[in-house]
Amino acid sequence: MKHFKTLVIAVVLAVGSISFTSAQSKIAHINVEQLMADMPAMKTAQAELKKLSDTYQADITTSYQELENKMKLYKNEAPTKSQDENQKRAQEVDGMQQTIMQARQQAQKELQEKQLELLEPIMQKANDAIQKVGREKGYQYVFDTSPGAGVILAEGTDIIGDVKKELGF
């Protein structure tokens, strides 16, 4: 009877280990952040975003300089102007400040929209390539090992080289 129990336990353990071995998943990882940074399309998009950002920044800086010049002029002329005139000038300066703030907010909004417009197709292309390579290589799971992605240990297969090849670089 004891031998029978031992035999049953051994058979259960053997079947369990065979099932566990066959049920193991094929897992790979990729640093998506690095892949995106290495993509030529990303470099082009970043250059375009920088150019647009620089243009907005130059416009805002020019407006701010005009505001400062007007404020200095109004401050110097204030003693020679009436209180009513000085009040109108103060309102004008406030209006200019608000306009500059609105321009800055609008520029940020437009930059974010442009970034999304430029990066969305690049991210989709990278995602499609990752999925294609993952399927071709027979991986059931591909984890993103970018900093902050939540992966603590990545000792599996890194497929970034294969994905870059798929993308043509």
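Note that the coordinates shown come from a computational prediction; the quantities given were computed from them, not determined experimentally.

About the thresholds
- Note on numbering: residues in each chain are counted from 1, in written sequence order.
- Local features in this predicted model are restricted to residues whose pLDDT is 70 or higher, and side-chain atom pairs enter the listing and the counts only when it is 80 or higher, whereas totals over whole chains, interfaces and linings include all residues.
- Heavy atoms throughout the structure, all of them, feed into the side-chain values; hydrogens and water do not.
- Strands are runs of DSSP state E lasting at least two residues, helices are runs of H or I lasting at least four, and both sets are numbered from the N terminus onward.
- The buried label goes to any residue with under 20% of its type's maximum accessible area, the exposed label to any with over 50%, and the partly exposed label to all in between, with areas taken from a 1.4 Å probe on protein chains only.
- Method for areas: the Shrake-Rupley scheme with a 1.4 Å probe, in which residue coverage is limited to the protein chains shown.
- Any N or O atom pair separated by 3.5 Å or less is treated as a polar contact, with the protein-specific requirement of one donor-capable and one acceptor-capable atom, and with residues adjacent in sequence counted only for side-chain atom pairs.
- What makes a salt bridge here is a side-chain nitrogen of Lys or Arg within 4 Å of a carboxyl oxygen of Asp or Glu, nothing more.

Let's talk about the overall build of the protein
Tallying secondary structure elements over the protein gives five helices and three strands in all. Along the chain direction, N to C, the helices and strands of the protein fall in the order α-β-α-α-α-β-β-α. Buried positions account for 20% of the 169 residues belonging to the protein. As presented, the protein carries roughly 12500 Å² of accessible surface, and 55% of it is formed by carbon and sulfur atoms.

A few points about the environment of Asp128
As for its placement among the helices and strands, Asp128 is situated in helix H4 (residues 83-136). By relative accessible area, Asp128 is classed as partly exposed at 41%. Once the C-alpha coordinates of Asp128 and Glu166 are considered, the two residues, 38 residues apart in sequence, prove to be 9.8 Å apart. At a separation of 2.7 Å, a polar atom in the side chain of Asp128 contacts the side chain of Gln124.

Regarding the pattern of salt bridges
Once the charged atoms of two side chains with opposite charge are near each other, the side chains can pair. By the definition in use, this model includes ten salt bridges. Residues Glu117 and Lys114 are paired through a salt bridge, measuring 3.4 Å at the closest nitrogen-oxygen approach. Taken together, the positions of Glu117 and Lys114, both in helix H4 and three residues apart, correspond to about one turn of that helix. Relative accessible area serves as the criterion here: at 21%, Lys114 is assigned to the partly exposed category. When the shortest N-O distance is used, the salt bridge between Lys132 and Glu166 registers 3.1 Å. Placement of the pair is Lys132 in helix H4 and Glu166 in helix H5 (residues 160-167), with a sequence separation of 34 residues. With a relative accessible area of 40%, Lys132 lands in the partly exposed category. Exposure remark for Glu166: the relative accessible area of 33% places this residue in the partly exposed category.

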